[in-house]
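So you can see what is in the structure, the chains are spelled out below.
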Amino acid sequence: MHAGLAARRRLLGLPVDPLTLQQATAWVLEAVHDERPQLVVTLNPEIVVGALDDPALFQALAGTDLSVADGVGIAWALRRQGEPLPERVPGVDLVTEVLREGGPELRVFLLGGRPGVAERAAAEVTRRFGCRVTGTRHGYFRRPDEVSEVCREVEASGSHLLLAGLGPGQERFLWENAPQLGARVLIGVGGTLDVLAGEVRRMPAWSTRLGVEWLLRVGLDPKRWRRIPKLVRFVWTVLTQPGREPGPEAPR
């Protein structure tokens with residue numbers, strides 16, 4: 001257990017750590033010095049709903065080393081349980097702060113996105129933060145031999161931090177392959193690589209402060225409308241759960 005990590009909350013059986021952005025950043029930068037790989041999850045309602053249908057993903061999320069509330073829905077659900085969080089920790093903000101504070105001493109591998117996205121993100125990471133990008137690779141791999149190749153490439157890079165933007169199931173991939181990947185800290189970052197690469201523009205800061213960033217994104221991007229049923233299911237599941245989950249469990 002790292003210093004500053006408070007007792008975990010539980011939401012639908014999954015852990016959430018009640019940390020501020022500053023505390024989560026410090027946790028990650030401390031964890032890159034550990035011997036064993038550690039998984040960080042930026043939890044949102046879509047990931048939770050996916051885990052309810054995928055036992056392997058549920059196991060991965062349940063066993064994570066650090067789980068922060070990325071989505072507004074996570075903060076709302078815990079507040080409804082009487083366990084409010086000190087603040088949300090959006091994944092893109094966590095990644096940005098870790099890169100900024102880690103600086104030139106941080107060795108980072110960027111994995112995911114369409115071909116070319118990780119490379120453009122790497123150029124921006126180097127320019128803005130001075131981090132040493134030890135490797136890049138797109139996220140279009142599925143076959144077992146391709147997975148093995150990716151693991152060997154990341155391990156050979158000697159990276160402290162692996163940022164993986166692989167879409168749904170990225171946390172399951174990281175959990176199952178953590179020993180082979182070799183990085184000290186592994187974070188599923190969703191679309192953060194696209195943001196770093198300039199492919200996706202961040203919503204205005206005011207939308208994040210008001211907790212409506214997700215609504216603005218959905219409204220402006222018809223491709224995101226397919227996510228609405230998952231959000232509805234998450235809300236319904238939270239509202240109809242029979243009672244609070246068992247008490248907080250001490251993190252590993």
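See the structure above.
Fair warning: this is a prediction, and the values are worked out from it, not measured in the lab. (Residues numbered from 1 in each chain as written. Predicted model: local features only at pLDDT ≥ 70, side-chain atom pairs only at ≥ 80, totals over all residues. Heavy atoms only, no water.)

1. Topic: helix α2 (residues 45–53)
Turning to step 1, where the next piece is worked out: Looking only at α2, the buried set comprises P45, I47, V48, V49 and A51.
Turning to step 2, where the next piece is worked out: On its buried side, α2 packs onto β2 (14–16), β3 (38–43), α3 (55–62), α4 (72–80), α8 (170–181) and α12 (228–240).
Turning to step 3, where the next piece is worked out: Two or three places before E46, at the opening of α2, N44 has a side-chain oxygen 3.1 Å from that residue's backbone nitrogen. (Buried < 20%, exposed > 50% of the residue type's maximum accessible area, 1.4 Å probe, protein only. Helix = DSSP H or I, 4+ residues; strand = E, 2+ residues; numbered from the N terminus. Contact = heavy atoms within 4.5 Å. Polar contact = N/O pair within 3.5 Å; in protein donor to acceptor, adjacent residues only side chain to side chain.)

2. Regarding the pattern of salt bridges
Two side chains that carry opposite charge are able to pair once their charged atoms sit near each other.
Turning to step 1, where the next piece is worked out: As enumerated under the stated definition, the model contains twelve salt bridges in all.
Turning to step 2, where the next piece is worked out: Between D145 and R143 there is a salt bridge, with its nearest N and O atoms 3.0 Å apart.
Turning to step 3, where the next piece is worked out: By relative accessible area, which is 45% here, D145 ends up partly exposed.
Turning to step 4, where the next piece is worked out: Overlapping salt bridges, with partners in common, bring together D54, R172 and E176 in one network. (Salt bridge = Lys/Arg side-chain N within 4 Å of Asp/Glu carboxyl O.)

3. Re unusual backbone geometry
Turning to step 1, where the next piece is worked out: With a phi angle near 50°, L12 is a residue other than glycine that sits in the positive phi range.
Turning to step 2, where the next piece is worked out: Tracing the backbone through its elements, the reader meets L12 in the loop between β1 (9–11) and β2.
Turning to step 3, where the next piece is worked out: You can call L12 buried: its relative accessible area is 10%.

4. Details of the pairing of strand β7 (residues 161–165)
Turning to step 1, where the next piece is worked out: The buried fraction of β7 amounts to five of the five residues, a majority that puts the element mostly inside the structure.
Turning to step 2, where the next piece is worked out: One ladder, built from five bridges, connects strand β5 (residues 107–112) with β7; its direction is parallel. Residue pairing for β7: G112 is matched across the bridge by G165.
Turning to step 3, where the next piece is worked out: Bridge analysis of β7 against strand β8 (residues 185–188) gives four bridges, and the strand direction is parallel. Paired with A164 across the two strands is G188, which belongs to β8.
Turning to step 4, where the next piece is worked out: For the segment spanning β7, α8 and β8, crossover handedness is right-handed. (Pairing = 2+ DSSP bridges. Right-handed = clockwise from strand over helix to strand, strands pointing away.)

5. A closer look at the sheet that holds β3
Turning to step 1, where the next piece is worked out: Spatial strand order, β4-β3-β8-β7-β5-β6: six strands in an open sheet with parallel pairing. Looking along the sheet, the strands with just one partner apiece sit at the ends: β4 (66–69) and β6 (132–137). Neighbour-to-neighbour, the strand axes of the sheet open up by a mean angle of 20°, direction not taken into account. (Axes fitted to C-alpha atoms, helices over the stretch in contact; angles between N-to-C directions.)

6. A few points about the packing of helix α7 (residues 144–157) against α8
Turning to step 1, where the next piece is worked out: Contact geometry for α7 and α8: axes closest at 9 Å, N-to-C directions at 55°. Taken together, the axis directions place α7 and α8 in an arrangement best described as oblique. You can see that α7 and α8 cross each other, and the crossing is right-handed. In contact with V147, V150, C151, V154 and E155 of α7, α8 contributes F173, N177, Q180 and L181.
Turning to step 2, where the next piece is worked out: Its residues assigned to classes, the contact of α7 with α8 comprises six nonpolar, two polar and one charged. (Parallel < 35°, antiparallel > 145°, perpendicular 65-115°, else oblique. Left-handed = near helix turned anticlockwise from the far one by under 90°. Nonpolar A, V, L, I, M, F, W, Y, C, P; charged D, E, K, R; others polar.)

7. Looking at the environment of A197
Turning to step 1, where the next piece is worked out: In this structure, A197 sits in the loop between α9 (192–196) and α10 (205–209).
Turning to step 2, where the next piece is worked out: Considered as a pair, A197 and E119 are 78 residues apart in the sequence and their alpha carbons are 7.9 Å apart.
Turning to step 3, where the next piece is worked out: If we skip the residues at most four places from it in the chain, A197 touches V117, R120 and A121.

8. What to know about helix α6 (residues 117–129)
Turning to step 1, where the next piece is worked out: Helix length check: α6 (13 residues) gives 18 Å between terminal C-alpha atoms against 18 Å at 1.5 Å per residue, within 8%.
Turning to step 2, where the next piece is worked out: Turning to α6, its buried residues number three or more, namely V117, A118, A121, A122, E124, V125 and F129. Taken down its axis, α6 places every buried residue within 165° of arc, on the same side.
Turning to step 3, where the next piece is worked out: Structurally, α6 contributes buried residues whose contacts are with α5 (91–102), β5, β6 and α9.
Turning to step 4, where the next piece is worked out: Following α6 by one or two positions, G130 adopts a phi angle in the positive range, close to 75°. (Expected span 1.5 Å × (residues − 1). Arc of directions from axis to C-beta.)

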